[in-house]
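Next come the chains, spelled out residue by residue.
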Amino acid sequence: MADLTAFVAVAEERNFTRAATRIGVSQSALSQIVRRLEERLGVRLLDRTTRSVAPTPAGERLVERMAPMLRELDESLTELGEFRDKPAGTIRITSVEHAARKYIRPALTQLLEDNPDITVEIIIDYGLSDVVSDRFDAGVRLGEHVAKDMIGVRISPEIQMAIVGAPDYFRRHPAPAEPRGLVDHRCINLRLPTSDTLNAWRLLENGEEIRIRSDGPLIFNSIELIIDAALDGTGLAYLPLDQVVPHLEAGRLTRIFAEQTPPLPPYHLYYPNRRHSAPAFRLFVDALRRQVRRLSITG
């Protein structure tokens, strides 16, 4: 079983180094384990080159059968945590940066203080990750992006957005008179890895939502870097309003089209149904729900 677990890790990661880190063994030991398994089965499971690792047809078939079984076994063992005196385990979450900073991390302070045996790992990713195949316990995305076969829990209000630029930028490039004029401006963009496109800017024109994508000198996958570039006067940025309020109040940034920038849908935590039974995960979800209630009280 341990050898099969090691093989599945290599096949899923397509890389011995990442797989070794994932299961906590050395790369050389992992290579020996896979070679031993191949010899015992009498079948080559992996094609190896100096640059890549990929399952053979036999290896692919074994992964298809074994990976779901191993995940189910791992989840069954995790569920035994409810018989411990204290909940324990690692909760892996994939989230966009803004949701992690604004809504997830603040909700965890008391949870982690009260439960020292729980660890939460948050991976920032703007792709639409498959939480099952990518071995996450849950993901956080805008509600419109949550698959219908997942359980979804709203964890935020609507996300107020803002289009901003530095005063120096507007001295050199006068603000457009209408939203579609943004296509003629230097825009600082966010890359979406799943579709390999730039994040569309949502605006209202004659009461109808339009989506604008404009070229620009910089593309990032980090809100902080986009804010820095906007402050430098490099171009315009489309950002969550709460991330730029201090700069707007201090005059370092200027907002345009405030009345024509609609909010985005709320963030939702999403996860497969079977994760709901793990004690540590239930506490994590409860902490996020308490955060939502606090936000509704404070506005």
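Residues numbered from 1 in each chain as written. Predicted model: local features only at pLDDT ≥ 70, side-chain atom pairs only at ≥ 80, totals over all residues. Heavy atoms only, no water.

Considering the pattern of salt bridges
Opposite charge on two side chains allows them to pair when their charged atoms are near. This model, assessed by the stated rule, comprises 12 salt bridges. For D168, the salt bridge is made with R171, and the minimal N-O distance between the two is 3.7 Å. Of this pair, D168 and R171 both sit in helix 6 (residues 167-172), 3 residues apart, roughly one helical turn. Look at the salt bridges and you will find they share partners, linking D3, R36 and R40 into a network. (Salt bridge = Lys/Arg side-chain N within 4 Å of Asp/Glu carboxyl O. Helix = DSSP H or I, 4+ residues; strand = E, 2+ residues; numbered from the N terminus.)

Quick look at the packing of helix 1 (residues 2-13) against helix 3 (residues 27-41)
The N-to-C vectors of helix 1 and helix 3 enclose an angle of 110°; their axes lie 9 Å apart at closest approach. One element, helix 1, and the other, helix 3, form an angle in the roughly perpendicular class. As for the relative orientation of helix 1 and helix 3, their crossing is left-handed in sense. Together, D3, L4, A6, F7 and V10 of helix 1 and L30, I33, V34, R36, L37 and R40 of helix 3 make up the contact between the two elements. (Axes fitted to C-alpha atoms, helices over the stretch in contact; angles between N-to-C directions. Parallel < 35°, antiparallel > 145°, perpendicular 65-115°, else oblique. Left-handed = near helix turned anticlockwise from the far one by under 90°. Contact = heavy atoms within 4.5 Å.)

Quick word on the sheet that holds strand 3 (residues 89-95)
Across the sheet, which stays open at both edges, the 5 strands sit in the order 4-3-5-15-6 with mixed pairing between neighbours. Strand pairing shows two members of the sheet lacking a second neighbour, strand 4 (118-124) and strand 6 (151-154), which therefore form its edges. Averaged over all pairs of adjacent strands, the angle between their axes in this sheet comes to 25°, without regard to strand direction. Summarising the sheet, strand 6 and strand 15 (residues 267-271) pair through 4 bridges and their orientation is antiparallel. The residue bridging R154 from the neighbouring strand is H268, located in strand 15. Contacting strand 3, strand 4, strand 5 (138-142) and strand 15, helix 5 (residues 97-114) crosses the sheet at an angle of about 175° to strand 4. (Pairing = 2+ DSSP bridges.)

A few points about the nonpolar core
It is characteristic of soluble globular proteins that their nonpolar side chains tend to be buried jointly. By size, the foremost hydrophobic cluster in this structure holds 60 residues, and its most contacted members are L182, Y267, L269 and F284. Not counting the four nearest positions on each side in its chain, F284 is found in contact with I91, I93, I104, L108, L111, V120 and L269. Counting residues in each nonpolar core, the second largest holds 22 residues, with A6, F16, V34 and L45 among its members. (Core = buried A, V, L, I, M, F, W, Y, C linked by side-chain atoms within 4.5 Å. Buried < 20%, exposed > 50% of the residue type's maximum accessible area, 1.4 Å probe, protein only.)

Thoughts on the packing of aromatic side chains
Two measures describe an aromatic ring pair: the distance that separates the ring centres and the angle between the ring planes. Summed over all chains, the structure comprises 5 aromatic pairs. Ring geometry for W201 versus Y238: centroids 5.6 Å apart, planes at 15°, classification stacked. Of the two residues, W201 sits in strand 10 (residues 201-205) while Y238 sits in strand 13 (residues 236-240), which places them 37 residues apart along the sequence. A residue is classified by how much of its surface remains accessible, and Y238, at 8% relative accessible area, is buried. A connected cluster of aromatic rings, assembled from ring pairs, spans Y271, F281 and F284. (Phe/Tyr/Trp six-rings, centres within 6.5 Å; stacked < 30°, edge-to-face > 60°.)

Quick word on the side chain of H247
Structurally, H247 is set in helix 8 (residues 245-249). Judged by relative accessible area, which is 18%, H247 ranks as buried. Apart from residues no more than four positions distant in its own chain, H247 is found in contact with I227, L231, R252 and L253.

What about a positive patch on the surface?
On the surface, a cluster of positive charge is made up of R289, R290, R293 and R294. With a relative accessible area of 41%, R294 lands in the partly exposed category. (Patch = residues over 30% accessible without salt bridge, like charges linked within 9 Å, V, L, I, M, F, W, Y side chains within 5 Å. Areas by Shrake-Rupley, 256 points an atom, 1.4 Å probe, with all protein chains shown as cover. Lys, Arg positive; Asp, Glu negative; His and termini not counted. Charge placed at Lys NZ, Arg CZ, Asp CG, Glu CD.)

Here's the deal with helix 7 (residues 223-231)
Taken as a whole, helix 7 has its buried residues at I223, I226, I227, A229 and A230. For helix 7, the angular spread of buried residues about the axis comes to 165°, placing them on one side. Against helix 5, strand 8 (187-192), strand 12 (218-220), strand 13 and helix 8 lie the buried residues of helix 7. A positive backbone phi angle near 85° is found at G233, which sits one or two residues after helix 7. (Arc of directions from axis to C-beta.)

A closer look at the packing of helix 2 (residues 16-23) against helix 3
Interhelical geometry of helix 2 versus helix 3 gives an angle of 100° and a closest axis separation of 9 Å. One finds that helix 2 runs roughly perpendicular with respect to helix 3. Residues F16, T17, A19, A20 and I23 of helix 2 lie in contact with helix 3, whose contacting residues are Q27, L30, S31 and V34. Residue composition of the contact of helix 2 with helix 3, grouped by class: 6 nonpolar, 3 polar and no charged. (Nonpolar A, V, L, I, M, F, W, Y, C, P; charged D, E, K, R; others polar.)

Looking at the side chain of S222
Here S222 is to be found in the loop between strand 12 and helix 7. Overall, the relative accessible area of 15% leaves S222 in the buried class. Among the polar contacts made by the side chain of S222, one reaches the main-chain amide nitrogen of E224 at a distance of 3.3 Å. Residue contacts for S222: discarding those within four places in its chain leaves E97 and L190. (Polar contact = N/O pair within 3.5 Å; in protein donor to acceptor, adjacent residues only side chain to side chain.)

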